Amino acid sequence: MKKTIELPVLMTEKEFCDYVGKSRAWAQRARLEGDGPPYVKVGRTPLYPADKLEKWLQGTERRATCEERG
């Protein structure tokens, strides 16, 4: 009996940007500065695991503009 591995859904940079409503330049800058969500690279292509994106989005939630980023 073969064991099945469940792989994460990977979003392209364009799919990620469309999802969060940001430009590709923003995504590139966020990767450079380490400010965006976790990603993996396959060759030169950045891909965003959907499950990590959801966790990252939850971590960016704020109640006031004066809240410090953590």
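Everything here concerns the structure above.
As the structure is a computational prediction, the values presented were derived from the model and not from experiment.

*Asks:* Mind laying out helix α1 (residues 13–20), listing which residues take part and the relevant values?
*Replies:* Along α1, the positions that sit buried rather than exposed are E13, F16 and C17. An end-on view of α1 places all buried positions within 95° of arc, on one side of the element. Along α1, exposed side chains directed more than 90 degrees from the buried face belong to D18 and Y19. Considering only its buried residues, α1 is in contact with β1 (10–12), α2 (24–33), β3 (45–49) and α3 (50–59). Where α1 terminates, the next one or two residues include G21, which has phi positive at roughly 70°.

*Asks:* Tell me what's going on with the pattern of salt bridges, and back it up with residues and numbers.
*Replies:* Should the charged atoms of two oppositely charged side chains come close, the side chains can pair. In the structure shown here, the tally under the stated rule is three salt bridges. Here E13 makes a salt bridge to R31, at a shortest N to O gap of 2.8 Å. With E13 in helix α1 and R31 in helix α2, this pair connects stretches of sequence that are 18 residues apart. The exposure classification of E13 matches that of R31, with both residues buried. Of the charged contacts, one joins K14 and D18 as a salt bridge, the two residues approaching to 2.9 Å between their closest N and O atoms. Residue K14 and its partner D18 are located together in helix α1, separated by four residues, close to a single helical turn. The class of D18 is exposed, set by a relative accessible area of 52%.

*Asks:* Run through the packing of aromatic side chains, naming residues and quoting values.
*Replies:* Scanning all chains against the criterion turns up five aromatic pairs. Centre to centre, the rings of F16 and Y48 are 4.3 Å apart; their planes meet at 25°, and the pair counts as stacked. With F16 in helix α1 and Y48 in strand β3, this pair connects stretches of sequence that are 32 residues apart. Assessed through its relative accessible area of 1%, F16 is described here as buried. With a centroid separation of 6.1 Å and 50° between ring planes, the pair formed by Y39 and Y48 is classed as tilted. Among the aromatic residues, ring-to-ring pairing joins F16, W26, Y39, Y48 and W56 into one connected group. The ring of Y39 carries the charged tip of R31 above its face, separated from the ring centre by 5.7 Å.

About the thresholds
Residues numbered from 1 in each chain as written. Predicted model: local features only at pLDDT ≥ 70, side-chain atom pairs only at ≥ 80, totals over all residues. Heavy atoms only, no water. Buried < 20%, exposed > 50% of the residue type's maximum accessible area, 1.4 Å probe, protein only. Helix = DSSP H or I, 4+ residues; strand = E, 2+ residues; numbered from the N terminus. Arc of directions from axis to C-beta. Contact = heavy atoms within 4.5 Å. Salt bridge = Lys/Arg side-chain N within 4 Å of Asp/Glu carboxyl O. Phe/Tyr/Trp six-rings, centres within 6.5 Å; stacked < 30°, edge-to-face > 60°. Lys NZ or Arg CZ within 6 Å of the ring centre and 35° of its normal.

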